[in-house]
Amino acid sequence: MKKKIIACIYILMLLVASKLAFNYIYNECEHFGVPYELALATCYVESGFTADINNEGLNTDGSVDYGIMGLNGNYLMDNCIKYNGSIPIDPYNAYENVH
């Protein structure tokens, strides 16, 4: 019984977290004028909606894509400098990866 309760709590936490993440993606799309469907399609194709993923060894150029949006490691630091005030991001953090 205790395991079932813990499993239910865990599932509820995942659902709440997923809803928050999708709401965040929607709000970022609205703010930056990106079609929401395009952002969701990118998340699906790049990571299958998985935040803590990379594709090490799969890119033909040897680069690695990180996180839910598949940020390419070759450009990650340049993009942080250009778009994030030189502040590094955690590419495995879905919120930082999407922004």
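About the criteria used
Residues numbered from 1 in each chain as written. Predicted model: local features only at pLDDT ≥ 70, side-chain atom pairs only at ≥ 80, totals over all residues. Heavy atoms only, no water. Helix = DSSP H or I, 4+ residues; strand = E, 2+ residues; numbered from the N terminus. Buried < 20%, exposed > 50% of the residue type's maximum accessible area, 1.4 Å probe, protein only. Contact = heavy atoms within 4.5 Å. Areas by Shrake-Rupley, 256 points an atom, 1.4 Å probe, with all protein chains shown as cover. Phe/Tyr/Trp six-rings, centres within 6.5 Å; stacked < 30°, edge-to-face > 60°. Core = buried A, V, L, I, M, F, W, Y, C linked by side-chain atoms within 4.5 Å. Polar contact = N/O pair within 3.5 Å; in protein donor to acceptor, adjacent residues only side chain to side chain. Patch = residues over 30% accessible without salt bridge, like charges linked within 9 Å, V, L, I, M, F, W, Y side chains within 5 Å. Salt bridge = Lys/Arg side-chain N within 4 Å of Asp/Glu carboxyl O.

Trainee: Help me get a handle on the overall build of the protein, residues and values and all.
Mentor: The helix and strand tally for the protein stands at four helices and two strands. Along the chain direction, N to C, the helices and strands of the protein fall in the order α-α-β-β-α-α. Here the protein, with 99 residues, has 20% of them falling under the buried criterion. Long-range contacts, defined as pairs at least 24 residues apart, comprise 39% of the intrachain contacts of the protein with a sequence gap of at least 6. About 7,300 Å² of surface is accessible on the protein, with carbon and sulfur atoms providing 63% of the total.

Trainee: Give me the lowdown on the environment of Ile87, citing residues and values where you can.
Mentor: Structurally, the position occupied by Ile87 is in the loop between α3 (73-83) and α4 (94-98). Note: C-alpha distance between Ile87 and Met77 (10 residues apart in sequence) is 8.9 Å.

Trainee: An account of the packing of aromatic side chains is requested, with residue identities and associated values reported.
Mentor: For the coordinates displayed, the defined rule picks out five aromatic pairs. Among the aromatic residues, those joined into a cluster by ring pairs are Phe22, Tyr44 and Phe49.

Trainee: Mind laying out the nonpolar core, listing which residues take part and the relevant values?
Mentor: Counting six residues, the largest nonpolar core is built from Ile25, Cys29, Ala39, Cys43, Ile68 and Val98. Those elements that provide at least two residues to this core are α1 (2-32) and α2 (36-47). For Ile68, the residues in contact, after removing those within four places along its chain, are Thr42, Cys43, Glu46, Ser47, Phe49, Thr50, Ala51, Ala94, Asn97 and Val98.

Trainee: So what's going on with the environment of Gly70? Residues and values would help.
Mentor: Inspection of the secondary structure assignment puts Gly70 in the loop between β1 (65-66) and β2 (71-72). Taking the relative accessible area as the measure of exposure, Gly70 reaches 14% and is therefore buried. Separated by 23 residues in the primary sequence, Gly70 and Ser47 place their C-alpha atoms 6.4 Å from one another. For Gly70, the residues in contact, after removing those within four places along its chain, are Glu46, Asp65 and Asn97.

Trainee: Quick one: what's the story with α3, residue by residue and with numbers?
Mentor: Capping the start of α3 is the job of one residue whose side-chain oxygen sits 2.8 Å from the backbone nitrogen of Asn74: Asn72. Positioned one or two residues after α3, Gly85 has a phi angle of 60 degrees, which is positive.

Trainee: Tell me what's going on with a nonpolar patch on the surface, and back it up with residues and numbers.
Mentor: On the surface, Phe22, Tyr44, Val45 and Phe49 cluster together into a nonpolar patch covering about 420 Å² of accessible area. Of note, Val45 is situated in helix α2. Judged by its relative accessible area of 64%, Val45 falls in the exposed class.

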